[in-house]
Amino acid sequence: MSKLTYSDYLGLDTLLTSQHPRSPDHNEMLFIIQHQTSELWMKLMLHELRAAMANLRDDALPAAFKMLARVSRIMEQLVSAWTVLSTMTPTEYSVVRPYLGSSSGFQSPQYREIEFLLGNKNADRVGNHADETKAHLEGVLRAPSLYDEAIGLLARSGFAVDPVAADATKPRPFDEAVEAAWLAVYRAPERHWRLYELAEELIDLEDAFRQWRFRHVTTVERIIGFKPGTGGTGGVSYLRKMLDVVLFPELWKVRTDL
């Protein structure tokens, strides 16, 4: 049996030779590693989200809660990563930008899948990706989201809610029945403790996701101002619109109802 080394186990030969700057500028290495490490964290996030959803379906709630908590902590890592990229000044980025071509974080299939799993679905976004990823994303688009699984648990717990989304390819619309169910949970947490804990895990997750988005838009504005994004988006104007997206609206409305 051969001796397994640290480098072999982690595939460092591949990992550390996967940075290929296209410009002669020193700062491009930061830009590449920032996005590569973000993709690695997103890979882990998807791994945890898929497992958490499966556990919710199986009523294995302690395991699901642990995984959702881990996703929230991963998002904190992604928030911190923006502070590193923000050390790149507009002058430095302007040297690198011509070499990026039409590539853009907007094209990240992993980020798109995270959005779909969290319920922010949009069929138009699938067309922005390469052919080999479209079929996978279309499957995620049509499958239940994390919030669908949570509402399914509400239904199995005896609340009068519809666990099936009217159109799985769109964000789930605000539902007063779901709001009433969560309100009942929050008014009697001892009686509905597992649902109460799930609600707080979801709020914690969306809180972290909002901070990730806010740090993203702030960093982009700091570096490129209001220039269009390299992938054809409106840049900061597009990212600011995303700040208004609410993933679990009934859970936030409950804060006012109580």
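Below: a short report on this structure.

Comments concerning the overall build of the chain
Line of reasoning, step 1. When its secondary structure is counted, the chain shows 12 helices and 0 strands.
Line of reasoning, step 2. Tracing the chain from N to C terminus, the helices and strands come up as α-α-α-α-α-α-α-α-α-α-α-α.
Line of reasoning, step 3. When the backbone C-alpha atoms are referred to their principal axes, the chain occupies close to 60 × 55 × 35 Å.
Line of reasoning, step 4. Here the chain, with 258 residues, has 45% of them falling under the buried criterion.
Line of reasoning, step 5. In the chain, 70% of the contacts between residues at least 6 apart in sequence involve partners at least 24 apart.
Line of reasoning, step 6. Summing over all exposed atoms, the chain offers an accessible surface of approximately 13700 Å²; the carbon and sulfur share of this is 56%.
Line of reasoning, step 7. Looking at the chain, you have 29 positive and 34 negative side-chain charges, and the mean spots of the two groups are 2 Å apart.

A look at a nonpolar patch on the surface
Line of reasoning, step 1. Together, Leu-4, Tyr-6, Tyr-9 and Leu-10 give the surface a local cluster of nonpolar side chains, amounting to about 530 Å² of exposed area.
Line of reasoning, step 2. Inspection of the secondary structure assignment puts Leu-4 in the segment before α1 (6–10).

Here we look at the nonpolar core
Line of reasoning, step 1. By size, the foremost hydrophobic cluster in this structure holds 70 residues, and its most contacted members are Leu-49, Leu-146, Trp-182 and Trp-212.
Line of reasoning, step 2. Tallying contributions element by element places helix α10 (residues 193–224) first for this core, with 13 residues.
Line of reasoning, step 3. In contact with Trp-182, other than residues within four places in its own chain, are Tyr-147, Ala-150, Leu-154, Leu-195, Leu-198, Ala-199, Glu-250, Leu-251 and Val-254.

Let's talk about the packing of α10 against helix α12 (residues 249–257)
Line of reasoning, step 1. In contact at an axis separation of 10 Å, α10 and α12 are set at 105° when each is read in the N-to-C sense. In terms of orientation, α10 and α12 fall into the roughly perpendicular class. Each of Ala-199, Glu-200, Leu-202, Ile-203, Glu-206, Asp-207 and Arg-210 in α10 lies in contact with α12, whose residues at this interface are Leu-251, Trp-252 and Arg-255.
Line of reasoning, step 2. Here the contact of α10 with α12 is composed, by residue class, of 5 nonpolar, no polar and 5 charged.

Digging into the pattern of salt bridges
Line of reasoning, step 1. Per the stated rule, a full pass over the model turns up 15 salt bridges.
Line of reasoning, step 2. We note a salt bridge from Lys-253 to Asp-257, for which the minimum N-O separation is 2.7 Å. Of this pair, Lys-253 and Asp-257 both sit in helix α12, separated by 4 residues, roughly a single helical turn.
Line of reasoning, step 3. Among the charged side chains, a salt-bridge network with shared partners connects Arg-73, Glu-76 and Asp-204.

With respect to unusual backbone geometry
Line of reasoning, step 1. Backbone geometry places Asp-59, a non-glycine residue, at a positive phi of 60°.
Line of reasoning, step 2. Examined against the element boundaries, Asp-59 turns out to sit in the loop between α3 (28–57) and α4 (61–85).
Line of reasoning, step 3. For Asp-59, a relative accessible area of 37% puts it in the partly exposed group.

Focus: the packing of aromatic side chains
Line of reasoning, step 1. On inspection of all chains with the given rule, the structure shows 8 aromatic pairs.
Line of reasoning, step 2. Relative to Tyr-196, the ring of Trp-193 has its centre 5.2 Å away and its plane inclined at 45°; by these criteria the two rings are tilted. Of this pair, Trp-193 and Tyr-196 are both found in helix α10, 3 residues apart, which corresponds to roughly one turn of the helix.
Line of reasoning, step 3. Residue classification places Tyr-196 among the partly exposed positions, given a relative accessible area of 22%.
Line of reasoning, step 4. Cluster of aromatic residues (ring-pair linked, three or more members): Tyr-111, Phe-209 and Trp-212.
Line of reasoning, step 5. The ring of Phe-106 carries Arg-112 above its face, with NZ or CZ at 4.8 Å from the centroid.
Line of reasoning, step 6. Stacked on the ring of Trp-252, the Lys or Arg Arg-210 has its end atom at 4.2 Å from the ring centre.

Quick notes on the side chain of Glu-28
Line of reasoning, step 1. One can find Glu-28 in helix α3.
Line of reasoning, step 2. For Glu-28, which is buried and forms no salt bridge, the nearest opposite charge comes from Arg-22, at a distance of 5.9 Å.
Line of reasoning, step 3. Not counting residues up to four positions away in its chain, the partners in contact with Glu-28 are Pro-21, Arg-22, Ser-23 and Val-96.

Some points on the side chain of Ser-23
Line of reasoning, step 1. Structurally, the position occupied by Ser-23 is in the loop between α2 (12–15) and α3.
Line of reasoning, step 2. At 3.2 Å, the side chain of Ser-23 forms a polar contact with the backbone nitrogen of Asp-25.
Line of reasoning, step 3. Within the local environment of Ser-23, its side chain forms a polar contact with the side chain of Glu-28, the two groups lying 2.6 Å apart.
Line of reasoning, step 4. Look past the residues within four positions of Ser-23 in its chain and what remains in contact with it is Glu-28, Val-96 and Tyr-99.

Calculation criteria
Residues numbered from 1 in each chain as written. Predicted model: local features only at pLDDT ≥ 70, side-chain atom pairs only at ≥ 80, totals over all residues. Heavy atoms only, no water. Helix = DSSP H or I, 4+ residues; strand = E, 2+ residues; numbered from the N terminus. Buried < 20%, exposed > 50% of the residue type's maximum accessible area, 1.4 Å probe, protein only. Contact = heavy atoms within 4.5 Å. Areas by Shrake-Rupley, 256 points an atom, 1.4 Å probe, with all protein chains shown as cover. Lys, Arg positive; Asp, Glu negative; His and termini not counted. Charge placed at Lys NZ, Arg CZ, Asp CG, Glu CD. Patch = residues over 30% accessible without salt bridge, like charges linked within 9 Å, V, L, I, M, F, W, Y side chains within 5 Å. Salt bridge = Lys/Arg side-chain N within 4 Å of Asp/Glu carboxyl O. Core = buried A, V, L, I, M, F, W, Y, C linked by side-chain atoms within 4.5 Å. Axes fitted to C-alpha atoms, helices over the stretch in contact; angles between N-to-C directions. Parallel < 35°, antiparallel > 145°, perpendicular 65-115°, else oblique. Nonpolar A, V, L, I, M, F, W, Y, C, P; charged D, E, K, R; others polar. Phe/Tyr/Trp six-rings, centres within 6.5 Å; stacked < 30°, edge-to-face > 60°. Lys NZ or Arg CZ within 6 Å of the ring centre and 35° of its normal. Polar contact = N/O pair within 3.5 Å; in protein donor to acceptor, adjacent residues only side chain to side chain.

Nothing here speaks to function; it is geometry throughout.
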